[in-house]
Amino acid sequence: MSKNTIKPYQRSLNQLKFEKAREEYADREILMELLYSNWIIQQKSERNRKNISIITWILIIYVIVSILIGILVGLGIDIV
């Protein structure tokens, strides 16, 4: 469980605080806040996808090198 887990009785207090802070917001301000939060989510998703892609390529290269080493050792060729 993370440190920032909200307990059930706190959730309503946090929700009330959130709503109170945004009572006076105009529709445009709410939409801009949504746009910004969506942009942040998109940036984090793209960074996550990039990291997964890099890890995948490293694993593919590792598997290919391992197979080649196995073939060379099987043929009796010393690598070292």
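About the cut-offs
- Positions within a chain are numbered from 1, following the residues in the order the chain's sequence is written.
- pLDDT decides what is reported in this predicted model: residues at 70 or higher carry local features, side-chain atom pairs at 80 or more are listed and counted, and totals for whole chains, interfaces and linings draw on all residues regardless.
- Side-chain figures throughout are based on the complete set of non-hydrogen atoms in the structure, without hydrogens or water.
- Runs of H or I in DSSP of at least four residues are treated as helices and runs of E of at least two as strands, each being numbered from the N terminus.
- Per-residue accessibility takes into account occlusion by the displayed protein chains alone, with areas from the Shrake-Rupley method and a 1.4 Å probe.
- What makes a patch is a set of residues exposed beyond 30% relative accessible area and free of salt bridges, joined within 9 Å when like-charged and within 5 Å when nonpolar (Val, Leu, Ile, Met, Phe, Trp, Tyr).
- Note on definitions: salt bridges are taken to be side-chain nitrogens of Lys or Arg within 4 Å of carboxyl oxygens of Asp or Glu.
- Summary of the burial criterion: residues with accessible area below 20% of their type's maximum are buried, those above 50% are exposed, and those between are partly exposed, where the area comes from a 1.4 Å probe applied to protein chains only.
- By definition here, a helix of n residues has an expected span of 1.5 Å times n minus one.

Visitor: Kindly report on the overall build of the protein, identifying the contributing residues and their values.
Guide: From N to C terminus, the protein includes 2 helices and 0 strands. Per element, the accessible surface of the protein, about 7,900 Å² overall, is 65% carbon and sulfur.

Visitor: Could you give me a rundown of a nonpolar patch on the surface, with the residues and numbers involved?
Guide: Nonpolar side chains collect at one region of the surface, where W57, I60, Y62, V63, I64, I67, L68, I71, L72, L75 and I77 lie side by side and expose about 1,100 Å² of accessible area between them. Here L75 lies in the segment after α2 (27-74). The exposed category is assigned to L75, whose relative accessible area is 63%.

Visitor: Mind laying out the pattern of salt bridges, listing which residues take part and the relevant values?
Guide: A full pass over the atoms with the stated rule returns 2 salt bridges. Between E23 and K20 there is a salt bridge whose closest N-O contact spans 3.6 Å. Across this residue pair, the class does not change: E23 and K20 are exposed. Residues E33 and R22 are paired through a salt bridge, measuring 2.8 Å at the closest nitrogen-oxygen approach. Residue E33 is found in helix α2, and its partner R22 is found in the loop between α1 (8-21) and α2; the two are separated by 11 residues along the sequence. When its relative accessible area of 29% is taken as the criterion, E33 is described as partly exposed.

Visitor: Please provide a residue-by-residue account of α2, values included.
Guide: In this model α2 runs 70 Å from its N-terminal to its C-terminal C-alpha over 48 residues, within 8% of the 70 Å that 1.5 Å per residue would give. One or two residues past the end of α2 sits G76, with phi positive at roughly 85 degrees.

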